[in-house]
Amino acid sequence: MIWVTLASVSALCLLLRAAVPILSQRWAVPAAVERRLEGVFVPVIAALVAQELFTDGRHLALDARTPGAVAGCTVLLLRRPLLVAIVVAAVVTAGLRRL
Amino acid sequence: MTVTHPSPVRDGFRLGLPFALGTLGAGIAFGALAPGVGIAWPAAIGFSLVAYSGTAQFATISSLGAGGSLAALLVTVLALNARYLAFGGSVASSLSRNRLARLVEAQLIVDASWALALRARDRRAVLVGAGLASLLGWLAGTILGLTLGAAIGDGHALGIDVAVPVFFVSLLFEGRASVRVAVRAVSAGALVVLLAPFLPVGVPLLVVFVVALATAGAA
């Protein structure tokens, strides 16, 4: 079952990258469609973050990851690398879980 | 070391190295998290090699962890990576004529390699060089993360699962900021949280996708 998930996500990524270069001689994505799809990126990312931090399945939930993620975001705001942000977030999360 | 023959691909590789550090870090987080949601190490490495997409792979971890449906995951990945269609379109004319070579070169399109290629004289070479550098970082990171995850065991106790939201937030820092974009982001987050108790897992994300698509491009 997990193989189906991994294979179909991989196939979709392959397809999205190859579609235009392979078909471009005859077909191009209309600019309006492109712009519309680009406008979806930020809301979907924000929704993923909210889902990760504030829900657990079909329940609303808060856990130690929320303060951890806030700490990680502060590190990102200070223009530090992602890995540093993840380590700081993980340390805060782990510390709170141990309390 | 003197370079006797100019090698634009190697130049592209060098240009891509700073970004490869970024993919290395994200790759470590992905590798450390993958076994926890049931992705065994050969599958994790294969996934990083073929999908080669942090957004898609972290969305997969998120979906597997929450028990969401495959259809919802695929729509999410489509929404997150539709930009590849645009990237592919803007470099298509610079790629090799040979169809198989084109296919391979297109697989090296990631945000960094695309952005560097657009500014280069030899777009194909920079795309390939920088794309390979990022891929190398991503694969090395995945393997390091898997090793690390196996060594420390319980990633939950060490808070490694927080890497997923932090990774996604880091993507929000890359785009142009505006009040309108911020309002859209906050509304999308609120919508998902409000709908979560009433809909099957993953479906609130679909609703956000549809609403965002319907309201996109209005400015």
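Throughout this document, residue positions are counted from 1 along each chain, in the order its sequence is written. A letter from A marks each chain and a number from 1 marks each ligand, given out in the order of writing. Predicted model: local features are reported for residues with pLDDT of at least 70 only, side-chain atom pairs are reported and counted for 80 or more only, and whole-chain, interface and lining totals are derived from all residues. Side-chain numbers here rest on the full set of heavy atoms in the structure, without hydrogens or water.

This part covers the interface of chain A and chain B. In what follows, a contact means two residues having at least one pair of non-hydrogen atoms within 4.5 Å. Facing 63 residues of chain A, the contacting portion of chain B comprises 81 residues. Here chain A meets chain B over a buried area of about 6500 Å², counting both sides, of which 76% is carbon and sulfur. Buried area: the accessible area, evaluated with a 1.4 Å probe, that two parts lose upon being put together, summed over both parts. Of all residues in chain A, L16, R17 and R58 of chain A give up the largest surface area on contact with chain B, accounting jointly for 12% of the area buried on that side. Salt-bridge contacts for R97 of chain A lead to D161 of chain B; the nearest nitrogen and oxygen are separated by 2.9 Å. Top contributing element to the side of chain A that touches chain B by residue count: helix α1 (residues 2–23) of chain A, with 18 residues. Note on definitions: salt bridges are taken to be side-chain nitrogens of Lys or Arg within 4 Å of carboxyl oxygens of Asp or Glu. Think of it this way: any DSSP run of H or I at least four residues long counts as a helix, any run of E at least two long counts as a strand, and we number them from the N terminus.

Looking now at the layout of surface pockets. Definitions used throughout: a 1 Å grid over protein atoms alone; a cavity as a set of points that fits a 1.4 Å probe which cannot get out; a pocket as an open set with protein on both sides within 12 Å along at least five of seven lines; a lining residue as one with an atom within 4 Å of a point. Grid points are joined across faces, edges and corners, and a volume is the space filled by probe spheres set on the points. Taken as a whole, the second largest pocket spans an internal volume of roughly 760 Å³. A per-class count over the lining of the second largest pocket returns 21 nonpolar, eleven polar and six charged. Nonpolar residues are Ala, Val, Leu, Ile, Met, Phe, Trp, Tyr, Cys and Pro. Charged residues are Asp, Glu, Lys and Arg, and all others, Gly as well, are polar.

With that settled, the discussion passes to the packing of α1 of chain A against helix α3 (residues 54–66) of chain B. As a rule, the C-alpha atoms of each element are fitted with a line to give its axis, helices using only the stretch in contact, and angles between N-to-C directions run from 0 to 180 degrees. Running from amino to carboxyl end, α1 of chain A crosses α3 of chain B at an angle of 150 degrees, the nearest separation of the two axes being 11 Å. Classed by the angle they form, the pair α1 of chain A and α3 of chain B counts as roughly antiparallel. Handedness of the α1 of chain A/α3 of chain B crossing: right-handed. Residues I2, T5, L6, V9 and C13 of chain A of α1 of chain A lie in contact with α3 of chain B, whose contacting residues are A56, T60 and L64 of chain B. When the residues that make up the contact of α1 of chain A with α3 of chain B are grouped by side-chain class, the tally is six nonpolar, two polar and no charged. Angle categories: roughly parallel below 35 degrees, roughly antiparallel above 145, roughly perpendicular from 65 to 115, and oblique for all the rest. By convention the crossing between two helices is left-handed if the near helix lies anticlockwise of the far one by an angle smaller than a right angle, and right-handed if it lies clockwise.

Take the environment of A26 of chain B next. The residue A26 of chain B is located in helix α1 (residues 8–33) in this model. Remark: the alpha-carbon pair of A26 of chain B and S69 of chain B, spanning 43 residues in sequence, is separated by 25 Å. Filtering out sequence-adjacent residues up to four positions away, A26 of chain B remains in contact with L82 of chain A together with F58, W138 and F167 of chain B.

pLDDT measures the predictor's confidence residue by residue and takes values from 0 up to 100. On average, residues of chain B score 89 in pLDDT, and 96% of them reach the 70 mark or higher. Scoring the predicted complex yields pTM 0.84 and, for the interface, ipTM 0.88.

Before going further, it helps to examine the nonpolar core. All names here are of chain B. Here, nonpolar core means buried Ala, Val, Leu, Ile, Met, Phe, Trp, Tyr and Cys residues that are tied together by side-chain atoms lying within 4.5 Å of each other. To sort residues, take the accessible area from a 1.4 Å probe on protein chains only and compare it with the maximum for the residue type: under 20% means buried, over 50% means exposed, and anything in between is partly exposed. Ranked by size, the top nonpolar core spans 80 residues in total, and within it F30, F58, L80, V166 and F168 carry the most contacts. Ranked by the residues each element gives to this core, the list is headed by helix α8 (residues 123–152), at eight residues. Among all residues touching F30, those that are not within four sequence positions of it are A44, F47, S48, Q57, F58, I61, W138 and T142.

Turning next to empty space enclosed by the protein. In this approach a probe as big as a water molecule rolls over the atoms, and the regions it shows empty are the leftover space. Applying the stated criterion across every chain yields a total of two cavities of 30 Å³ or more. Counted as a void, the largest cavity has a volume near 90 Å³. Listed by contribution, the elements that provide at least two residues to the lining of the largest cavity are α3 (41–54) of chain A together with α3 and α4 (70–81) of chain B. The element that contributes the greatest number of residues to the lining of the largest cavity is α3 of chain B, accounting for four residues. Taken together, the residues that form the lining of the largest cavity break down as seven nonpolar, seven polar and no charged. The space that makes up the second largest cavity amounts to roughly 30 Å³. If you go around the second largest cavity, the residues you meet are E34, L37 and E38 of chain A together with A82, R83, L85 and A86 of chain B. Listing elements by their share of the lining of the second largest cavity, those giving two or more residues are α2 (31–38) of chain A together with α5 (83–91) of chain B. Split into classes, the residues belonging to the lining of the second largest cavity amount to four nonpolar, no polar and three charged.

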